[in-house]
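Spelled out, the chains give:
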Amino acid sequence: MHENRETSGAPRPERERGRSAKAQSQKADAHAPEESDRTILSMNQTNKEERSSAEPGEKRVRAKENIVQPNTHPTQSGERVSQGLGGVREAAKKRRQEQFTALLHHVSVDLLRDSYYALKRQAAPGVDGVTWQEYETGLESRLTDLHNRVHRGAYRAQPSRRVYIPKADGRKRPLGIAALEDKIVQQAVVTILNQIYEVDFKGFSYGFRPGRGPHQALDALTVGLQRKHVNGVLDADIRGFFDNMSHEWMMKFVEHRVADRRILRLIQKWLKAGVSEDGQWSESKVGTPQGAVVSPLLANVYLHYVFDLWIEAWRQKVATGDVIVVRYADDLVVGFENRMEAERFLKAFRERLAKFGLELHPEKTRRIEFGRFAAQDREKRGEGKPETFTFLGFTHHCGKRRSKGRSSSGGKRRRNAWWRSCTQSKQNCASECTSRLPSSVHGYERL
């Protein structure tokens, strides 16, 4: 079980620290040092300059290194990152406030080939109608031509083909299937940018990141609920997040670390490519298609600046009790020790999201009494059992357990019906149940 080391709250009095054990985390293997990318622009900005590039009147929080650093591979095929990309990661780690001015040269024919083989072979085609198998015919000449077009600036992004998949509540989720060459180039750019952002992203962010997944997020949440002083939980969902991300704010956030105008133009092309539905093209003024290879990374970058850095500063400067945080894409859970702080946070969070064109889903966001002592406290008040909440397909509930004859309470996870239906062996159960995770969790490359 991987513990979320970034769930610690404000310093507590010495006499209270013994109530909960300090969390332990597993460190991933250190990345081998590589030669730093030589084309980096130093950005020693003043506080005033930093605020103007992020949000007026707000101090930009310096990102800390993630506690858990996974071994990162550039593609799903498992190919190791090149020495040049390793240099990008080392440079990003050593100089957190610098921008990378030359990244496109890393988009080589070899990287495009790796990116092609990282795609799902049975994925549905985009508006180009080209399947993975068809593109493999004459692959080397195709990739060489694509490489030349990208570097000449002649590459043009095609609109995403709109399809719909059913949601649990009976509604339909819109997805965008990119053309095959768009998928290849997006995968290559994501591989490069991951070397930068995997250094910057916070440890409590788990969605669509190399070496991380929903089960690690659930483990971190369980550890936080059991070992921290949590008396209430905010289960939050950002309404229509992928459809409402501001393109203007997105580019500003990316520009904090990326100054290569050619990479920035590629991202703008994908954001502005639009969607095609029943042969009709429509412009995309906000949002990024769910289903595009680049969308998960852009979503994490957006929420890194909108939420992650902000809540880390909030719990360090405002909170007086423990605060735990687990985020998986646009689904997040925040646990609080103090009820009044939870109310103040929710109000501030709504205001924060509104600045960036976002809002909480009124039906999927709620604050409940929850934690190790919730069941006992409610029993003393003559109230019923604590409410439950669902996160990443698991229903969490408070219960009681007996240890050495003593009665204690703790948070537990109750598997939903789709998980309980798994009857395979213990070794195969994890992979089978992972394939049954909700479509919003399972990933994008299924298309």
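Conventions used here
Residues numbered from 1 in each chain as written. Predicted model: local features only at pLDDT ≥ 70, side-chain atom pairs only at ≥ 80, totals over all residues. Heavy atoms only, no water. Salt bridge = Lys/Arg side-chain N within 4 Å of Asp/Glu carboxyl O. Helix = DSSP H or I, 4+ residues; strand = E, 2+ residues; numbered from the N terminus. Buried < 20%, exposed > 50% of the residue type's maximum accessible area, 1.4 Å probe, protein only. Polar contact = N/O pair within 3.5 Å; in protein donor to acceptor, adjacent residues only side chain to side chain. Pairing = 2+ DSSP bridges. Axes fitted to C-alpha atoms, helices over the stretch in contact; angles between N-to-C directions. Arc of directions from axis to C-beta. Contact = heavy atoms within 4.5 Å. pLDDT = per-residue confidence, 0-100. Expected span 1.5 Å × (residues − 1).

Chemist: Lay out the pattern of salt bridges with the relevant residues and their values.
Modeler: It is possible for side chains bearing opposite charge to pair when their charged atoms get close. For the coordinates displayed, the defined rule picks out 22 salt bridges. Asp-110 serves as the salt-bridge partner of Arg-113, at 2.8 Å between the closest nitrogen and oxygen. Note that Arg-113 and Asp-110 are positioned in helix H3 (residues 109-118) at a spacing of three residues, about one turn of the helix. Here Arg-113 falls in the partly exposed class, since its relative accessible area comes to 22%. A salt bridge links Arg-239 to Glu-359; the shortest N-O distance between them is 3.9 Å. Within this pair, whereas Arg-239 is found in the loop between strand S5 (232-237) and helix H8 (241-244), its partner Glu-359 is found in the loop between helix H12 (339-355) and strand S10 (366-369), the two being separated by 120 residues in sequence. On the basis of relative accessible area, Glu-359 is assigned to the partly exposed category, the value being 44%.

Chemist: How would you summarise the side chain of Asp-322 if you had to cite specific residues and measurements?
Modeler: The topology assignment puts Asp-322 in the loop between helix H11 (295-317) and strand S8 (323-328). For Asp-322, a relative accessible area of 3% gives the class buried. Engagement of the side chain of Asp-322 in a polar contact is seen with the side chain of His-229, the distance being 3.1 Å.

Chemist: Tell me what's going on with the sheet that holds strand S4 (residues 172-177), and back it up with residues and numbers.
Modeler: Across the sheet, four strands lie side by side as S4-S3-S6-S7; this open sheet has mixed pairing. Whereas interior strands pair on both sides, the edge strands pair on one side only; in this sheet they are S4 and strand S7 (280-282). Across the sheet, the axes of successive neighbouring strands diverge by a mean angle of 40°, strand direction being ignored. Looking at chain direction, strand S3 (residues 160-166) and strand S6 (residues 275-277) are connected through two bridges and run parallel. Paired with Arg-161 across the bridge in S6 is Ser-276.

Chemist: Talk me through H3; I want residue IDs and the actual numbers.
Modeler: Taken together, the buried positions of H3 are occupied by Leu-111, Leu-112, Ser-115, Tyr-116 and Ala-118. Viewed end-on, H3 has its buried residues packed into an arc of 160°, placing them on one side of the element. Packed against the buried residues of H3 are helix H4 (132-136), helix H5 (139-152) and helix H6 (180-200).

Chemist: Would you mind going over the confidence of the model for the protein in detail, with residue names and values included?
Modeler: The predicted model of the protein averages 77 in pLDDT, with 70% of residues at 70 or higher. Counted against residues more than four places away or in other chains, residues 1-80, with its pLDDT under 50, gives 198 contacts. Overall, residues 404-446 carries pLDDT values under 50, and its contacts beyond four positions in sequence, including any with other chains, amount to 82 contacts.

Chemist: An account of helix H7 (residues 214-227) is requested, with residue identities and associated values reported.
Modeler: For H7, spanning 14 residues, the distance from its first C-alpha to its last is 20 Å, which sits close to the expected 20 Å at 1.5 Å a residue. With respect to burial, H7 is a largely interior element, eleven of its 14 residues being buried. Turning to H7, its buried residues number three or more, namely Pro-214, Gln-216, Ala-217, Leu-218, Asp-219, Ala-220, Leu-221, Thr-222, Val-223, Gly-224 and Leu-225.

Chemist: Describe the environment of Glu-359, naming the residues involved and giving the relevant values.
Modeler: Between the C-alpha atoms of Glu-359 and Arg-239, which are 120 residues apart in sequence, the distance is 5.8 Å. In contact with Glu-359, other than residues within four places in its own chain, are Asp-237, Ile-238, Arg-239 and Leu-353.

Chemist: Kindly report on the pairing of S5, identifying the contributing residues and their values.
Modeler: Most of S5 sits inside the fold, with six of its six residues counted as buried. Where S5 lies against strand S9 (residues 331-336), six bridges are found, and the strand directions are antiparallel. Across the sheet, the residue bridging to Leu-234 is Val-334, located in S9. Alignment of S5 against S10, held across four bridges, turns out to be antiparallel.

Chemist: Pulling in residues and values, what's your account of unusual backbone geometry?
Modeler: The phi angle at Phe-208 is positive, at roughly 55°, despite the residue not being glycine. Residues other than glycine seldom take positive phi values, yet Asp-278 does so here, at roughly 55°. Structurally, Asp-278 is set in the loop between S6 and S7.

Chemist: Outline the sheet that holds S9, listing residues and values.
Modeler: Spatial ordering of the open sheet is given by S8-S9-S5-S10, a layout of four strands whose pairing is antiparallel. Single-partner strands in this sheet number two, and they are S8 and S10. Recorded for the sheet is a direction-independent mean angle of 15° between the axes of neighbouring strands. As paired strands, S8 and S9 are joined by six bridges and run antiparallel to one another. Looking at the pairing, Val-325 lines up with Val-334 of S9. Against the sheet, H7 engages S5, S8 and S9, with an angle of about 170° to S8.

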